[in-house]
Amino acid sequence: LGEVQFARKCSVCHTLKPDDANRAGPSLHKIFGRKAGSVTYYSYSDSLQNSPIIWNEKTIDELFVKGPQDVVRGTKMPLQKVSDDKKRKALIDYLKTATK
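Residue positions within a chain follow its written sequence, with the count starting from 1. Local features in this predicted model are restricted to residues of pLDDT 70 or higher, and side-chain atom pairs are both shown and tallied only at a pLDDT of 80 or more, whereas totals for entire chains, interfaces and linings draw on every residue. Each side-chain value is derived from all of the structure's non-hydrogen atoms; neither hydrogens nor water enter the calculation.

A. The nonpolar core, seen in detail. Membership of the largest hydrophobic core comes to 23 residues, with the highest contact counts inside it found for Phe6, Leu48, Trp55, Ile60, Phe64, Leu91 and Leu95. Going through the elements one at a time, helix H3 (57–66) and helix H5 (85–98) are the ones with two or more residues in this core. Among the elements that take part in this core, H5 stands out by supplying four residues, more than any other. Setting aside residues up to four positions removed in sequence, Phe6 forms contacts with Ser11, His14, Leu16, Leu28, Leu91, Tyr94 and Leu95. Remark: nonpolar core denotes a set of buried residues (Ala, Val, Leu, Ile, Met, Phe, Trp, Tyr, Cys) joined through side-chain atoms within 4.5 Å. Note on exposure labels: buried denotes an accessible area under 20% of the residue type's maximum, exposed denotes more than 50%, and partly exposed covers the range between, all computed with a 1.4 Å probe on protein chains only. Secondary structure counts use DSSP, requiring at least four H or I residues in a row for a helix and at least two E residues in a row for a strand, with both numbered from the N terminus. Residue contacts follow a heavy-atom distance rule, with two residues in contact if any of their heavy atoms lie within 4.5 Å.

Here is the structure:
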């Protein structure tokens, strides 16, 4: 279920492996514990690069509940919400495993 959510909501812009090329967004490899906007080889919006967010279960959950524009105003991330709690949890669990 989480992999399906990733394919639907994230894979157009993001990859999961460190050696994958950037898409519209950077690789999500090792996203948990990483400061938002900190991948050196990606050109972030100023708002994301200057954000104090550290990506973890809570902040990623908030991102998909509220939407990127409400979490980090001025971000380039397109609106992606996952309103279903079960699907959102499955996505986060999948990301925790797939981005190690």
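B. The arrangement of the layout of surface pockets in detail. In the cavity and pocket records, a cavity denotes points on a 1 Å grid over the protein atoms alone where a 1.4 Å probe fits but cannot get out, a pocket denotes an open set with protein on both sides within 12 Å along at least 5 of 7 lines, and lining residues are residues with an atom within 4 Å of a point. Grid points are joined across faces, edges and corners, and a volume is the space filled by probe spheres set on the points. Here the largest pocket is characterised by a volume of approximately 470 Å³. Lining the largest pocket are 29 residues; nearest its centre among them are His14, Pro26, Leu28, Leu63 and Met77. At three residues, the largest contribution of residues to the lining of the largest pocket is made by H3. Nonpolar residues are Ala, Val, Leu, Ile, Met, Phe, Trp, Tyr, Cys and Pro. Charged residues are Asp, Glu, Lys and Arg, and all others, Gly as well, are polar. Classifying every residue of the lining of the largest pocket gives 18 nonpolar, seven polar and four charged.

C. Spotlight on the packing of H3 against H5. In the contact formed by H3 and H5, the axes pass within 10 Å of each other and the chain directions differ by 135°. Judged by the angle between their axes, H3 and H5 are oblique. Classified by chirality, the crossing of H5 by H3 is right-handed. In contact with Glu57, Ile60, Asp61, Phe64 and Val65 of H3, H5 contributes Arg88, Leu91, Ile92, Leu95 and Lys96. Simply put, an axis is a line fit to the C-alpha atoms, just over the touching stretch for a helix, and the angle between two N-to-C directions goes from 0 to 180 degrees. By definition in this entry, angles of less than 35 degrees are roughly parallel, angles greater than 145 are roughly antiparallel, angles of 65 to 115 are roughly perpendicular, and the rest are oblique. Crossing handedness follows the turn of the near helix against the far one: under a right angle anticlockwise gives a left-handed crossing, and clockwise gives a right-handed one.

D. Broad picture of the side chain of Thr59. Mapped onto the fold, Thr59 is located in helix H3. According to the relative accessible area criterion, Thr59 is buried, its value standing at 13%. For Thr59, the side chain forms a polar contact with the main-chain oxygen of Ile54, separated by 2.9 Å. With near-sequence residues (within four places) excluded, Thr59 lies in contact with Ile53 and Ile54. Any N or O atom pair separated by 3.5 Å or less is treated as a polar contact, with the protein-specific requirement of one donor-capable and one acceptor-capable atom, and with residues adjacent in sequence counted only for side-chain atom pairs.

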